[in-house]
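Now for the letters of each chain:
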Amino acid sequence: MITHLDDKNNPTMVDVAGKQVTHRTAVARSIVSLPDEVLNYLVDGDLKTKKGSVFQIAIIAGIMAAKKTGDLIPLCHPLGLDNCNVVISLNEKQEVVIDCTASITAKTGVEMEALVGASIAALTIYDMCKAMSHDIVIKETILLSKTGGKRDFKRT
């Protein structure tokens, strides 16, 4: 069932008036593959450029974007997040792993906020590193888990 259509198939926001207020969380992940010419700039687990610390700026961008999700996705409810946390690390393949966790106590979930936060952090890394190489690949952005609401979800 597509929830963003009314009975006449017109776009609409989901009416959350009758939903229960619960604590809701969502965790999303983006993975960025960097070529060797970019990885060569890696120092102490971060990329330092003339623009600044790539990962630190990407964390700030991800949090800012998560807070603006209702302005970016047309039918998303504007939400005042209780918390948003972005963590950036390298995996065993030397890929950048971005995990964005969003939480709120509300009538609607924060999956889109977590996904937008992870995505924008990945795009920020691309933007800050593109002068070194355009062979950067944002491989995937996925929802890892969500709690609260009708049903919980955890990717296995």
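Located above this text is the structure these notes cover.
Residues numbered from 1 in each chain as written. Predicted model: local features only at pLDDT ≥ 70, side-chain atom pairs only at ≥ 80, totals over all residues. Heavy atoms only, no water.

Tallied over the entire structure, the rule returns five salt bridges. Residue Arg29 pairs with Asp99 through a salt bridge whose shortest N-O separation is 2.6 Å. Separated by 70 residues along the polypeptide, Arg29 in strand S1 (residues 22-33) and Asp99 in strand S6 (residues 96-106) bring together distant segments of the chain. (Salt bridge = Lys/Arg side-chain N within 4 Å of Asp/Glu carboxyl O. Helix = DSSP H or I, 4+ residues; strand = E, 2+ residues; numbered from the N terminus.)

As a further point, take the pairing of S1. Sheet topology note: the S1/S6 ladder contains eleven bridges and is antiparallel. Each bridged residue has a counterpart across the sheet, and for Ser30 the counterpart in S6 is Ile98. (Pairing = 2+ DSSP bridges.)

Moving on to the pairing of strand S3 (residues 46-49). Where strand S2 (residues 42-43) meets S3, two bridges bridge the pair, whose relative direction is antiparallel. For Val43, the partnering residue across the bridge sits in S3 and is Asp46. The antiparallel pairing of S2 with S3 creates a hairpin that spans two residues between the two strands, and Asp44 there sits at a positive phi of about 55°. In this structure, S3 lies alongside strand S4 (residues 52-53), joined through two bridges in antiparallel fashion. Bridging across to S4, Lys48 finds its partner in Ser53.

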